[in-house]
Amino acid sequence: MAEQSREGAPVVVLGVCGGIAAYKAVELCRLLSDAGCYVAPVLTEAATRFIAPLTFSALAAEPAQLSLYGEQHPSPHTRLGQMADLVVIAPATQNFLARLASGQVDDLLTATVAATRAQLIVAPAMHTEMWEQASTQAAIALLKSRGVLVVDPEAGRLAGGDTGFGRLAEPAVIATAALSQLHLRNGGTRDLEGCSVLITAGGTREAIDPVRYLSNRSSGKQGYALADAAVARGATVTLITAARLALSPLTRAATTVIEVESAAEMAEAVYSAAPSADVVVMAAAIADYRPVAIATKKMTKDLGVPALQLEETEDVLAGVVARRRAGQVIVGFAAETHDVLNRGNAKLKRKGCDLLVVNDVAQPEVGFDHETNAVTILGSDGLTTTVDLSSKAIVAHSVFDRVTRLQSTSVRERTLSD
Ligand SMILES: Cc1cc2nc3c(=O)[nH]c(=O)nc-3n(C[C@H](O)[C@H](O)[C@H](O)COP(=O)(O)O)c2cc1C
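Residues numbered from 1 in each chain as written. Predicted model: local features only at pLDDT ≥ 70, side-chain atom pairs only at ≥ 80, totals over all residues. Heavy atoms only, no water.

**Student:** I keep staring at the sheet that holds strand β11 (residues 236-241) and nothing clicks. Help me out?
**Tutor:** Neighbouring strands of a sheet are bound in pairs by backbone hydrogen bonds; such pairs are parallel or else antiparallel. The strand order across the open sheet formed by eight strands is β12-β11-β8-β13-β16-β17-β18-β19, and the pairing between neighbours is mixed. A single partner strand is all that each edge strand has here, and the edge strands are β12 (255-259) and β19 (384-391). Adjacent strand axes in the sheet meet at a mean angle of 15 degrees, parallel and antiparallel pairs treated alike. Across six bridges, the pairing between strand β8 (residues 196-201) and β11 is parallel. Across the sheet, residue Val-197 finds its bridge partner in β11, namely Val-237. Against the sheet, helix α9 (residues 221-232) touches β8, β11, β12, β13 (279-282), β16 (329-336) and β18 (372-379), its axis set at about 165 degrees to β8. (Pairing = 2+ DSSP bridges. Helix = DSSP H or I, 4+ residues; strand = E, 2+ residues; numbered from the N terminus. Axes fitted to C-alpha atoms, helices over the stretch in contact; angles between N-to-C directions. Contact = heavy atoms within 4.5 Å.)

**Student:** Would you mind showing me how to read the nonpolar core here?
**Tutor:** Inside soluble globular proteins, nonpolar side chains tend to come together where they are buried. Among the nonpolar cores identified, the biggest contains 34 residues, and Val-197, Ile-199, Leu-226, Val-281, Val-331 and Phe-400 are the most heavily contacted of them. Elements supplying a minimum of two residues to this core: β8, α9, β11, β13, β16, β17 (355-360), β18 and α14 (392-417). Those residues in contact with Val-281 that lie beyond four places of it in its chain are Val-197, Leu-198, Ile-199, Thr-200, Leu-226, Val-331, Phe-333 and Phe-400. (Core = buried A, V, L, I, M, F, W, Y, C linked by side-chain atoms within 4.5 Å. Buried < 20%, exposed > 50% of the residue type's maximum accessible area, 1.4 Å probe, protein only.)

**Student:** Would you mind going over the packing of aromatic side chains with me for this structure?
**Tutor:** Any two aromatic rings considered together are summarised by their centre-to-centre distance and by the angle between their planes. Here the structure, examined in full by the defined rule, presents one aromatic pair. Pairing Trp-131 with Phe-165 gives two aromatic rings, centres 6.2 Å apart and planes at 50 degrees, and the pair type is tilted. Placement of the pair is Trp-131 in helix α6 (residues 128-132) and Phe-165 in strand β7 (residues 163-167), with a sequence separation of 34 residues. Between the NZ or CZ atom of Arg-323 and the centre of the ring of Tyr-271, over which it lies, the distance is 3.6 Å. (Phe/Tyr/Trp six-rings, centres within 6.5 Å; stacked < 30°, edge-to-face > 60°. Lys NZ or Arg CZ within 6 Å of the ring centre and 35° of its normal.)

**Student:** I tried to follow the state of the cysteines on my own but got confused; where do I start?
**Tutor:** Working definition: the covalent bond between the sulfur atoms of two cysteines is a disulfide. All chains considered together, the criterion is met by zero disulfides. With no disulfide of its own, Cys-17 lies 15 Å from the sulfur of Cys-29, the closest cysteine sulfur. Unpaired in this structure, Cys-195 has its nearest cysteine sulfur neighbour in Cys-353, at a distance of 17 Å. Taking relative accessible area as the criterion, Cys-195 reaches 7% and is therefore assigned buried. (Disulfide = S-S within 2.5 Å.)

**Student:** I tried to follow the site of the ligand on my own but got confused; where do I start?
**Tutor:** The immediate surroundings of the ligand are formed by 15 residues, with Gly-18, Thr-44, Thr-93, Gln-94 and Arg-99 found nearest. For the ligand, an oxygen atom lies 2.7 Å from a polar atom in the backbone of Gln-94. A distance of 3.1 Å separates an oxygen atom of the ligand from a polar side-chain atom of Asn-95. Burial of the ligand by the surrounding chains reaches 64%, relative to a free accessible area of 650 Å². The greatest single-element share of the shell around the ligand, amounting to four residues, is contributed by helix α4 (residues 94-102). (Near = heavy atom within 4 Å. Polar contact = N/O pair within 3.5 Å; in protein donor to acceptor, adjacent residues only side chain to side chain. Areas by Shrake-Rupley, 256 points an atom, 1.4 Å probe, with all protein chains shown as cover.)

**Student:** Would you take a moment to explain the packing of helix α1 (residues 24-34) against helix α8 (residues 171-185) for this structure?
**Tutor:** The relative placement of two packed helices is expressed as an angle between their axes plus a distance between the axes. Taken N-terminus to C-terminus, the directions of α1 and α8 make an angle of 40 degrees; their axes are 9 Å apart at the nearest point. Considering their axes alone, α1 and α8 lie oblique with respect to each other. Here α1 and α8 pass one another in a crossing that is right-handed. Judged by residue contacts, Lys-24, Glu-27, Leu-28, Leu-31 and Leu-32 of α1 engage Pro-171, Ala-172, Ile-174, Ala-175, Ala-178 and Leu-179 from α8. Classifying every residue of the contact of α1 with α8 by side-chain character gives nine nonpolar, no polar and two charged. (Parallel < 35°, antiparallel > 145°, perpendicular 65-115°, else oblique. Left-handed = near helix turned anticlockwise from the far one by under 90°. Nonpolar A, V, L, I, M, F, W, Y, C, P; charged D, E, K, R; others polar.)

**Student:** Is there a simple way to think about the domain arrangement of the chain in this case?
**Tutor:** Accessible area lost when the parts come together is the quantity often used to give the size of an interface. Each domain of the chain was delimited in the assignment, giving domain 1 (11-185) and domain 2 (196-417). Inter-centroid distance (C-alpha atoms) of domain 1 to domain 2 is 40 Å. Between domain 1 and domain 2, the contact holds seven residues from the first and six residues from the second. Both faces considered, domain 1 and domain 2 share a buried interface measuring about 520 Å² in area, 78% of it formed by carbon and sulfur atoms. Where domain 1 meets domain 2, there are zero salt bridges. Where domain 1 packs against domain 2, one counts zero residue pairs in polar contact (both at pLDDT 80 or more). Counting residues per element, the side of domain 1 that touches domain 2 draws most heavily on α8, at five residues. Partitioning the side of domain 1 that touches domain 2 into residue classes produces five nonpolar, two polar and no charged. (Domains from an automatic or database assignment. Buried area = accessible area lost by both parts, 1.4 Å probe. Salt bridge = Lys/Arg side-chain N within 4 Å of Asp/Glu carboxyl O.)

**Student:** Would you take a moment to explain a nonpolar patch on the surface for this structure?
**Tutor:** A grouping of Tyr-289, Leu-308 and Leu-310 is seen on the molecular surface, where their side chains present a nonpolar patch of about 290 Å² in accessible area. Tracing the chain through its elements places Tyr-289 in strand β14 (residues 289-291). Classification of Tyr-289 as partly exposed rests on a relative accessible area of 49%. (Patch = residues over 30% accessible without salt bridge, like charges linked within 9 Å, V, L, I, M, F, W, Y side chains within 5 Å.)

**Student:** How should I be thinking about the pairing of β19 in this particular structure?
**Tutor:** It is a general feature of regular strands that their side chains alternate between the two faces of the sheet. Bridge count for β18 against β19 is six bridges, and the pairing is antiparallel. When the bridges of β19 are listed, Ile-377 appears paired with Thr-385. Hairpin connection from β18 to β19: four residues lie between these consecutive antiparallel strands, with Gly-382 at a positive phi of about 90 degrees.

**Student:** Even after reading the chapter, I still don't get the sheet that holds strand β2 (residues 38-43), so can you show me in this structure?
**Tutor:** Overall, parallel pairing links the five strands, which are arranged β2-β1-β3-β4-β5 in an open sheet. Each of the sheet's edge strands pairs with one partner strand only, and the pair in question is β2 and β5 (149-150). Strand direction decides the pairing type here: strand β4 (residues 119-124) and β5, joined by two bridges, are parallel. Looking at the pairing, Val-122 lines up with Val-150 of β5. Running over the sheet, helix α3 (residues 76-83) touches β1 (11-16) and β2 and is turned about 140 degrees from β2.

Take a look at the structure:
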């Protein structure tokens, strides 16, 4: 069992029904636990024929519960439902959907649902014929009309070698739906819903020869935190990255990742993706200089110390601003070591972006390879936001707070001028 207290963690009751996709609920359990949820698994009697309760007990915050009558609690039929912030049923069988729609309460899972005021999410999984049954579709329609969120099944391979519609949605997709609900419940908003956000991350590498390159200390962590924040707020994200970090599975599901290495590759990828983006956040540390020529063979010591001749790279932020389309919000980043605010303000004016996120990377724990950052967000609207040393996630949300503020101002201005 994962060492976790309920203190502050959202409680997710994970209901698992007896379908072939029950094994995928293990991955869902892990994703929700990794995302900081207190997961309480409940398996139907049929589910235990497909997967061992022990597997869930080992991953979740408390042991898997199976029965209305086994628990040492005075009120086992209401305990989990009352403590839940969210109930997720995955996979939901045809049988369970029918029981839920009819209001039956004949096992621990249906009792938990009956005793909760929490949002309910169901992710059905069954053979195409079962999904298409009028009774199943009627149950789904009824549950939706009662406010249940349905994560639709997908087309793909089914049990018994069949292919068709009815396969359980990917665990990452279900987890994203669950975390979005929790985000809303915590007062967070999906204020980037329908918004396409392009984010760049990492430090580019400029080749010297086949084994050496020039680069900088950027780790890409701030860019990846920006991707996490944008996805949590409902955006679809394109991440152009020179870093090789792992995205969280949840962000991965809503993100197109384009890997690049050099400033030239970064420029090409950004210029091709930017026209369709509503927001462009240029968090990557793109090299300012690159070697004029790249040696085709490894430079060897016997040739002496090479005299590297450098040339300027493309100014990608300026290029994006020059190509901007109406209503697009463009955010630049500046890592400085001295005269930080003056240099930041000058850069904001020179580049013509809407926001410039400036940090003083000479300070301890700030930016580059650290888990934390401290920034000043300068705006062409004259506003300045200071974010003291915090996690990169908090910095990322502060950036998007300013982005959405700019978006709503520009909508208001457009409406007034109509
Ligand atoms: C091998 C096998 C696979 C099954 N797969 C599914 C399935 O994917 N979806 C489904 O709705 N029912 C499936 N069933 C039928 C359910 O197990 C059965 O309806 C059971 O009563 C569901 O109980 P529950 O809803 O309480 O978990 C399957 C049955 C067997 C034997």
